[in-house]
Each structure stands twice: as structure tokens, then as C-alpha cells.
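Residues per chain, in single letters:
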Amino acid sequence: MKALRLATCLMALATASGAHAQSAAATLGRPVGPTRQVDTKVPQPGQTGKVFPLNSSWVAVSLNGKSFTGERPSFRLDDQMRATGFAGCNTYATAAYPLREQALAVGPFALTKKSCDKSAMAIEQSFLVALRSSGKWDIQGRNLIIKTQNGGQLVLERAL
């Protein structure tokens, strides 16, 4: 019986303090309940600004001015922020997040374990390092340009 009285008292106290907080917020002119602040640096619907093209596929053209040859690496970012593609030897999956001011953050990679010749493995390594160290992105015509944090540049073209 004492436990029931204690629970009832605690419930009444919590309800009273919550009502007091709401009335105090209303008195001060603040909205009651959770509020969402809009980040003005992120393009909002209806505003001008570049938006990362989700659900599109890209094929690597060059890295730091050097063209890719043979079977070229690829990159696809879906609307769930999952990036997948071919890296030059293996396929990969990762999380990638377009951020404000055209920044791009790429997480650790999950890779298949296929072994290829040294040149394919070197291409794969350089491509994955460029993606992982991405800093900024831009769209120029049919090309997605990813600038790395160390000054490199990965150019990809839209795939059909």
C-alpha cells in the first residue's frame, strides 16, 4: 500500500512539474515541445544550391590527372547513404554522407577478398584511398569530382 501511495505521489509531482515547465515556456513566448532548427548552410527544398545526386551511378575517369584504363572503378550512392561499387579488383560497400557545403564523408569499406595482379590491386588501393579521404565534391556537366583532403582529385562520369 505504501508503494502505491509513493508511486501516486511521484506521478503527481512529475505531472505538476511538466505542466509548470510548459506554462513557463508559453509565458516566455517559446514553443512548447521539441523544436527543430534548420541548418541554413544546407540547401533546403526550394533554395538554390547543389544537392548530391543520390541513386546515380558513376564510373571513374581519372585520379590526379591520370586516366583509369581497363575495367574502371565505379561508385553508386543510394538514398539510404550506402555506397557500393567495383574498386578495380574487388567490390566494396560503405556508408557515405554528403554534408553541408558540398563535403563528403566516407566510412570504412567492406570488401570482397579476391586477389588480382599487382596493377589492378594498385588501382584499387588508390581509388579506395581517394574515396576514403574525400573532402569536397562538385558536379561539372556529366562529371562528379571528388577532391581529397590531401589535394588530390578523383573524376567520375555518370554511368548510363
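What counts and what doesn't
- Residues numbered from 1 in each chain as written.
- Predicted model: local features only at pLDDT ≥ 70, side-chain atom pairs only at ≥ 80, totals over all residues.
- Heavy atoms only, no water.
- Helix = DSSP H or I, 4+ residues; strand = E, 2+ residues; numbered from the N terminus.
- Phe/Tyr/Trp six-rings, centres within 6.5 Å; stacked < 30°, edge-to-face > 60°.
- Buried < 20%, exposed > 50% of the residue type's maximum accessible area, 1.4 Å probe, protein only.
- Pairing = 2+ DSSP bridges.
- Salt bridge = Lys/Arg side-chain N within 4 Å of Asp/Glu carboxyl O.
- Core = buried A, V, L, I, M, F, W, Y, C linked by side-chain atoms within 4.5 Å.

Here we take up the environment of valine 155. Locating valine 155 in the fold gives a position in strand S10 (residues 153-158). The spatial distance from the C-alpha of valine 155 to the C-alpha of leucine 63 is 6.3 Å, given a sequence separation of 92 residues.

What follows concerns the packing of aromatic side chains. Considering all chains together, one arrives at four aromatic pairs under this definition. Ring geometry for phenylalanine 52 and tryptophan 137: centres 5.0 Å apart, planes at 80°, overall edge-to-face. Taken together, the residues phenylalanine 52 in the loop between helix H1 (2-27) and strand S1 (56-63) and tryptophan 137 in strand S8 (residues 134-140) connect sequence positions 85 residues apart. With a relative accessible area of 7%, phenylalanine 52 lands in the buried category. You can call tryptophan 137 buried: its relative accessible area is 4%. Between phenylalanine 68 and phenylalanine 127 the ring centres are 6.4 Å apart and the planes differ by 80°, which places this aromatic pair in the edge-to-face class. Highlighted residues: phenylalanine 68 in the loop between strand S2 (66-67) and strand S3 (74-77) and phenylalanine 127 in helix H2 (residues 118-132), separated in sequence by 59 residues. The two residues phenylalanine 68 and phenylalanine 127 agree in class, both being buried.

Looking now at the pairing of strand S4 (residues 82-86). Looking at chain direction, S3 and S4 are connected through two bridges and run antiparallel. In the sheet register, leucine 77 faces S4, and the bridge partner there is alanine 83. Counting the residues between successive antiparallel strands, the hairpin from S3 to S4 contains four residues, one of them, methionine 81, with a positive phi of roughly 65°. Pairing analysis gives five bridges linking S4 to strand S5 (residues 91-99), with the strands arranged antiparallel. Residue pairing in the sheet places alanine 83 in a bridge with threonine 94 of S5.

So, about the pattern of salt bridges. Per the counting criterion, the structure on display carries two salt bridges. As a salt-bridge pair, arginine 72 and glutamate 157 come within 3.4 Å of each other at their nearest N and O atoms. Here arginine 72, found in the loop between S2 and S3, pairs with glutamate 157, found in strand S10; they are 85 residues apart in sequence, far enough to count as distant. By relative accessible area, which is 27% here, glutamate 157 ends up partly exposed. A salt bridge links aspartate 78 to arginine 82; the nearest nitrogen and oxygen atoms lie 3.0 Å apart. Under the relative-accessibility criterion, arginine 82 is labelled partly exposed at 48%.

Phe75, Phe127, Leu144, Leu154 and Leu156 are the most contacted members of the largest nonpolar core, which totals 22 residues. Of all the secondary-structure elements, those providing two or more residues to this core are S1, S3, S5, strand S6 (103-106), H2, strand S9 (143-148) and S10. The greatest single-element share of this core, amounting to four residues, is contributed by H2.

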